[in-house]
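Single-letter residue listing:
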Amino acid sequence: MIIDYIRYRITEFLYGVVKIPISKEALVLEVASGARPYWRSNVLLDKFVLDSSERSGDVTIDRDFVVADVNKLPFKDKVFDFVIARHVLEHLPEPENFL
């Protein structure tokens, strides 16, 4: 079982980088960025800055950062070219509201 998890994480990392061709000019938002944000994200967003109970470590703030709820994003439509939301839906009480 642990081997399957490791294989999953390696595959996620490798194909997450390769599969999505994001141009250098694209503006990328990552919601619920947590402890290990995606390297290509320009802006990070997380609601629980001080509470790390749902993640593997403290929230990382190493680039533009916004504290907000994923269901009430404080941005106008079409500001970002891409939005990354990894491992988010399983933590939301009503995930359909986010989608």
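Residues numbered from 1 in each chain as written. Predicted model: local features only at pLDDT ≥ 70, side-chain atom pairs only at ≥ 80, totals over all residues. Heavy atoms only, no water.

Visitor: For this particular structure, what's the right way to read the nonpolar core?
Guide: A general tendency of soluble globular proteins is for nonpolar side chains to be buried together. One finds Leu-29, Val-31, Val-43, Leu-45, Ala-68, Val-70, Phe-80, Val-88, Leu-92 and Phe-98 forming the largest nonpolar core, which totals 10 residues. Among the elements of the structure, β1 (28-31) and β2 (43-46) are those that each provide at least two residues to this core. Excluding residues that lie within four positions of it along the chain, Ala-68 makes contacts with Leu-45, Asp-46, Lys-47 and Pro-74. Residues Ile-22, Ala-26, Tyr-38 and Ile-84 belong to the second largest nonpolar core, which totals five residues. (Core = buried A, V, L, I, M, F, W, Y, C linked by side-chain atoms within 4.5 Å. Buried < 20%, exposed > 50% of the residue type's maximum accessible area, 1.4 Å probe, protein only. Helix = DSSP H or I, 4+ residues; strand = E, 2+ residues; numbered from the N terminus. Contact = heavy atoms within 4.5 Å.)

Visitor: Is there a simple way to explain the environment of Lys-47 in this structure?
Guide: Structurally, the position occupied by Lys-47 is in the loop between β2 and β3 (64-67). For the pair formed by Lys-47 and Val-70, sequence separation is 23 residues and the distance between their alpha carbons is 7.6 Å. At a separation of 3.1 Å, a polar atom in the side chain of Lys-47 contacts the side chain of Asp-69. (Polar contact = N/O pair within 3.5 Å; in protein donor to acceptor, adjacent residues only side chain to side chain.)

Visitor: In this structure, what is going on with the pairing of β1? I would like to understand it.
Guide: Where a strand is regular, its side chains alternate between the two sheet faces. Burial along β1 is two-sided: Val-28 and Glu-30 facing one way and Leu-29 and Val-31 facing the other are all buried. Pairing between β1 and strand β4 (residues 82-84): three bridges, direction parallel. Looking across to β4, one finds that Glu-30 is bridged to Ile-84. Bridge count for β1 against β2 is three bridges, and the pairing is parallel. Residue pairing across strands places Glu-30 opposite Leu-44, the latter belonging to β2. (Pairing = 2+ DSSP bridges.)

Visitor: Before we go on, may I ask you to explain the sheet that holds β1 in this structure?
Guide: Either a parallel or an antiparallel arrangement is found when strands of a sheet pair, and the pairing is made through backbone hydrogen bonds. On the basis of which strands lie adjacent, the open sheet formed by four strands has the order β3-β2-β1-β4 and parallel pairing. Each of the sheet's edge strands pairs with one partner strand only, and the pair in question is β3 and β4. Averaged over all pairs of adjacent strands, the angle between strand axes in this sheet comes to 20°, irrespective of strand direction. Note: β2 against β3, four bridges, orientation parallel. The partner of Leu-44 across the bridge, within β3, is Phe-65. (Axes fitted to C-alpha atoms, helices over the stretch in contact; angles between N-to-C directions.)

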